[in-house]
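Residue strings, one per chain:
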Amino acid sequence: MQSIICMISKYLVLIFMALYTIKCFTYFTAKDREKRTSNLNKQIFYIFMIHFLCHVMLLINMQEIKIMLYYLIEILIAITYIVAFRTIYKKSSRLLTNNVAFLMLIGYTILLRLNPKLAIRQFILASVGLVITLFIPFVLSKLKNAKNWSTFYGIFGIILLASVFIPGIGKEINGSRNWIELFSISLQPMEFVKIVFIFFAASSLVKVNTLKELVINAMIAAAFMLILVAEKDFGAVLLFYISYFMMVYLATSRPTFMFLGIGLLVLACFAGYVLFKDSLFAHIMVRITAWKDPFKYIDSQGYQLSESLFAIGTGGFAGTGLGRGMPYIIPVAESDFVFSAISEELGVLFGLALILIYLSSFIAIQNIAMKCKNPFYKYVTFGIAICYIFQVFLNIGGVTKFIPSTGVTLPLISYGVSSVFSTLIMFSIVQYTYILVSEEADNVEKERQHIERKTRPAVPGIEGISGKGKGTGREKQN
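Residues numbered from 1 in each chain as written. Predicted model: local features only at pLDDT ≥ 70, side-chain atom pairs only at ≥ 80, totals over all residues. Heavy atoms only, no water.

Colleague: Provide a residue-level description of helix H16 (residues 375–399), including the pertinent values.
Modeller: The first and last C-alpha atoms of H16 sit 37 Å apart over 25 residues, in line with the 36 Å expected at 1.5 Å per residue. Across the 25 residues that make up H16, a large majority, 23, are buried. (Helix = DSSP H or I, 4+ residues; strand = E, 2+ residues; numbered from the N terminus. Expected span 1.5 Å × (residues − 1). Buried < 20%, exposed > 50% of the residue type's maximum accessible area, 1.4 Å probe, protein only.)

If you want it as C-alpha cells, here you go:
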C-alpha cells in the first residue's frame, strides 16, 4: 500500500510541476489582469500540492513523524511571505513572489531528504532572510541618491571581497580561499559583493560620457575580478565578467564591446592556462580533467561528476521517488550538486521543469528592466537578471557535464546561507524596480486621460438637445 501511495504521489508531483511551469509562461501571454490573477492563484495551489506530496513520500520512506511538522512550519512561512509581500507592496510582482516561495520550498524538501540538520539550519536562517529582505523595497524608495554612490560601492565592495585574506577570519575550502568565519557562521563575501558590484557598474555607467571614463570604470571592475582570481574563485570571476560586459552593452548599445569582452575572456583564459596552470589554476585543471573524461578517473578526480551522471541516469524521466534513491553518494550533493539529487529522485522531467521556472523568472526580470525608465535601476535589474541566469547555467551545466564544474550554487535551492540571502536581496531589489515600473505606467495612464479630457470636443448638454429654452418646432407651432 505504501509503495502505491509513493508511486501515485510521484506522478502527481510531475503533473502539478508541469502545470505550475505552464502557468509561469501563460502569465506572459494572458491578455487581461483577471487571467493573470487566475494563473497566479492556481500556481499557489500547485505549490502547496507539490510540497505536500513530496513530504508524504518522505514520511513513508524515512518513517519520521517530524517530517509532517516540518511541512506545516515550512508551508506556514511560505504563506506568510506571499501574503505579507503582496499586502505591503500591492504593486509587486506576484510571479516572482510565487517562484521565490516555490524554489525555497523545493530546497527545504531536498535538504530534508539529504541532511535534516542542514535543512533545519537553512530554514531558520532563510526565514530570517525573508523578514529582512521584506524591507528592502521600502529602504530603496528612501534612497533617492543611490545612483550617485559609485565611489562607495567600489571601495566597499573591494574591501569586503578582500576580507577573506584577513588572518583568522578568511579560510580556504575546496581549493578556493573565498570564505570568512564570523561567530561560528561561514559566509562567502562574494555572494554579497556581486550585488554591490552590480550597483557599482550601474551607477558608473549612468554617468559615463566618454571612452576614457568607460576605460577607468572597466579598470575598477577589473580590480574586483583580480581579487577573485587571487581567491581562486573562477566561477565568481565568470559571473562578474559576464554581468559587467552585458551591462556595458545595454548602456552603450554597441556590439563592439560585447565582442571585445568575448575576446578578452578567451585571451585571459589562454594566458592563465599557459602561465599558471601548475599553480594558480591547479585545482581548475583537476576539474577540467574530470570534465573531459570523468569515467576514466572515476576513482579520483572524476568520482563526483561520475556519480552525478549516474544519479541523473538512474532516476530517468520520472525519478525513483523521493527517499528511494541514493543521492547521498554524490559528494557535496546538498550544495553544488543538488540538481543531480533532485533529478535522481524526482525525475529528469522535474529537473527540466525546474530549469524552465528559472527561465521564467529571468524573462520576468528582463521585462521589468526593459520597461523601467530610470536608467540606474534599469541597469541594476538587467545586471541581476544576467547574474542570476548565468549562475543557474554554471551550476546545472557543471553537474550535467556540459561545462567544467565551477563550484557555484543553484539559487534558492542549494544549501548555503550566503547564496540564499544574496538571492533574496536581488529579488527584493527587482521587486522595487517592478513597483517603479508600475508607478510609471500609472502616471502615463493618468497623463493620457488628462490629455483626452482637455482635447475632447464639447458635447451639447441635455438642454440643448431637447430644445428647452429656445423651444422646438412643435412647441412653436403650438
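Colleague: Just give me the short version of the pattern of salt bridges, but keep the residues and values in it.
Modeller: Within this structure, the stated rule accounts for three salt bridges. For Lys171, the salt bridge identified is with Glu181, shortest N-O distance 3.3 Å. Highlighted residues: Lys171 in strand S1 (residues 170–173) and Glu181 in strand S2 (residues 176–182), separated in sequence by ten residues. Given the relative accessible area of 37%, Glu181 is considered partly exposed. The salt bridge partner of Lys194 is Glu191, with a shortest N-O separation of 2.8 Å. With a gap of three residues between them, Lys194 and Glu191 both fall in helix H8 (residues 189–207), about one helical turn apart. Taken individually, Lys194 and Glu191 each receive the classification buried, so the pair is uniform in this respect. (Salt bridge = Lys/Arg side-chain N within 4 Å of Asp/Glu carboxyl O.)

Colleague: Account for empty space enclosed by the protein, with residues named and values stated.
Modeller: Within this structure, the stated rule accounts for four cavities of 30 Å³ or more. Taken as a whole, the largest cavity spans an internal volume of roughly 60 Å³. Glu74, Ile77, Ala78, Tyr81, Ala101, Met104, Leu105, Tyr108 and Leu130 are the residues that line the largest cavity. Secondary-structure elements contributing two or more residues to the lining of the largest cavity are helix H3 (66–88) and helix H4 (94–114). Across the lining of the largest cavity, the residue classes tally to eight nonpolar, no polar and one charged. (1 Å grid on protein atoms, 1.4 Å probe; cavity = no way out; pocket = protein on both sides within 12 Å on 5 of 7 lines; lining within 4 Å. Points joined across faces, edges and corners; volume = space filled by probe spheres on them. Nonpolar A, V, L, I, M, F, W, Y, C, P; charged D, E, K, R; others polar.)

Colleague: I'd like a rundown of the packing of helix H13 (residues 303–315) against helix H14 (residues 338–346), residues and numbers included.
Modeller: At a minimum axis distance of 7 Å, the contact between H13 and H14 shows a crossing angle of 25°. The angle between the axes of H13 and H14 places the two elements in the roughly parallel class. By crossing handedness, the relation of H13 to H14 is classed as left-handed. Counted together, Ser308, Ala311, Ile312 and Gly315 of H13 and Ser340, Ser343 and Glu344 of H14 form the full contact between these two elements. (Axes fitted to C-alpha atoms, helices over the stretch in contact; angles between N-to-C directions. Parallel < 35°, antiparallel > 145°, perpendicular 65-115°, else oblique. Left-handed = near helix turned anticlockwise from the far one by under 90°. Contact = heavy atoms within 4.5 Å.)

Colleague: Kindly report on the packing of helix H9 (residues 211–231) against helix H10 (residues 234–252), identifying the contributing residues and their values.
Modeller: Interaxial distance between H9 and H10 falls to 8 Å at its minimum, and their mutual angle equals 165°. Comparing their axes, H10 and H9 come out roughly antiparallel. The interaxial crossing formed by H9 with H10 has right-handed handedness. Between H9 and H10, the residues in contact are Leu214, Asn217, Ala218, Ala221, Phe224, Met225, Leu228 and Val229 and Phe234, Ala236, Val237, Phe240, Tyr241, Tyr244 and Val248, respectively. By residue class, the composition of the contact of H9 with H10 is 14 nonpolar, one polar and no charged.

Colleague: Requested: an account of H4, with residues and values cited.
Modeller: Taking 1.5 Å per residue as the helical rise, H4 with its 21 residues ought to reach 30 Å, and the 30 Å between its terminal C-alpha atoms agrees with that figure. The buried fraction of H4 amounts to 21 of the 21 residues, a majority that puts the element mostly inside the structure.

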